[in-house]
Amino acid sequence: MSSTPILTLEGVHTHIGAYHILHGVDLEVPRGQVTMLLGRNGAGKTTTLRTIMGLWQASQGQVRFDGHVLASPGRQLATPDIAQRGVAYVPETMGIFADLSVKENLLLAARHARSIDDIDTHRLEWIFGFFPALKKFWLYPAGKLSGGQKQMLSVARAIIEPRKLLLIDEPSKGLAPAIVQNLITALRELKRTATSILMVEQNFGMAKALGDSVAVMDDGHVVHHGRMSDLVEDEELQHRLLGLSLQAHQ
Ligand SMILES: Nc1ncnc2c1ncn2[C@@H]1O[C@H](COP(=O)(O)OP(=O)(O)O)[C@@H](O)[C@H]1O
Ligand SMILES: [Mg+2]
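Please read these numbers as outputs of a predicted model, since none were measured by experiment.

1. Let's talk about unusual backbone geometry
Notably, D66 is not glycine yet its phi reads approximately 45°, a positive angle. The residue D66 is located in the loop between β4 (58-65) and β5 (68-72) in this model. Here D66 falls in the partly exposed class, since 17 other C-beta atoms lie within 10 Å of it. With a phi angle near 45°, E170 is a residue other than glycine that sits in the positive phi range. Within the element layout of this structure, E170 appears in the loop between β8 (165-169) and α7 (177-192). The class of E170 is buried, set by 21 C-beta atoms lying within 10 Å.

As structure tokens, then:
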């Protein structure tokens, strides 16, 4: 924990059109850990991920990633440049192409590959190790995969090229509990390879299973940050911070 965080947000404000959505977000993502971003619906979690990715522009404050300034007053890197520096984003909508095969979906995500032969086979095997279903359904249209498998394909697309930080928005959304369990197992394996992950999650079970650190948002800013294990042990804090969203998932 003594090394500098891989990602730091300081006093980040984001406006979407006329609406002021983020009100000074302060957030640190430690290297090689999973940081969970929790909070009720509408708290600003997705907007935070989109701001990190440059899909929304910060109107104030600073975003720093691994020695680079991604956003600061009057300066905003474009999304492809942010991706180039090593940040990958798995949006809530997953963004996979239903009519294309698993293979084609992965190939399209590998920006430097023109054919599957250009993708490092070690890397592919490494990904199949987490998500064996992708190997099994390699030539199937992605639209035919189950919800959990689509989510795995979506994560696989984000890591088909080496990345330093993975942003994942609510991967468990809409998945049956048994599938969530598979996803937890796969992401736990991925985490062991020392990728840094910032994950938005509403499912407290998943947050508990994967999170090292936690930040809780409310009303456009971070209202709590600390170790996940401390939040897990403190039920009063859970209720105060997460309220109904917690009860709904237990
Ligand atoms: N494209 C948009 N236009 C206007 N308001 C938006 C837009 N996207 C999000 N918001 C608003 O910003 C707030 C935070 O949204 P969001 O970041 O999606 O929350 P969360 O992911 O925590 O549920 C909500 O009040 C939402 O209605
Ligand atoms: Mg959201």
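2. Thoughts on the site of ligand 1
Inspection of the region around ligand 1 gives I16, Y19, I21, G39, N41, G42, A43, G44, K45, T46 and T47 as its neighbouring residues. Among the secondary structure elements, those contributing two or more residues to the shell around ligand 1 are β2 (19-29) and α1 (45-52). Of all the elements, α1 adds the most residues to the shell around ligand 1, at 3 residues. Split by residue class, the shell around ligand 1 holds 4 nonpolar, 6 polar and 1 charged.

3. A short note on the sheet that holds strand β10 (residues 213-218)
Pairing between the strands of a sheet comes from backbone hydrogen bonds, and it takes one of two forms, parallel or antiparallel. Overall, mixed pairing links the 6 strands, which are arranged β7-β8-β9-β3-β10-β11 in an open sheet. The open sheet has two edge strands, β7 (87-90) and β11 (221-227), and neither has a second partner. Put simply, the sheet's adjacent strands are angled 15° from each other on average, direction ignored. Taken together, the 4 bridges between β7 and β8 define a ladder with parallel strand orientation. Along β8, the bridge assignment pairs Y89 with L167.

Cut-off values and rules
Residues numbered from 1 in each chain as written. Chains lettered and ligands numbered in written order. Predicted model: local features only at pLDDT ≥ 70, side-chain atom pairs only at ≥ 80, totals over all residues. Helix = DSSP H or I, 4+ residues; strand = E, 2+ residues; numbered from the N terminus. Buried ≥ 20, exposed ≤ 12 C-beta atoms within 10 Å, placed from the backbone. Near = placed C-beta within 6 Å. Nonpolar A, V, L, I, M, F, W, Y, C, P; charged D, E, K, R; others polar. Pairing = 2+ DSSP bridges. Axes fitted to C-alpha atoms, helices over the stretch in contact; angles between N-to-C directions.

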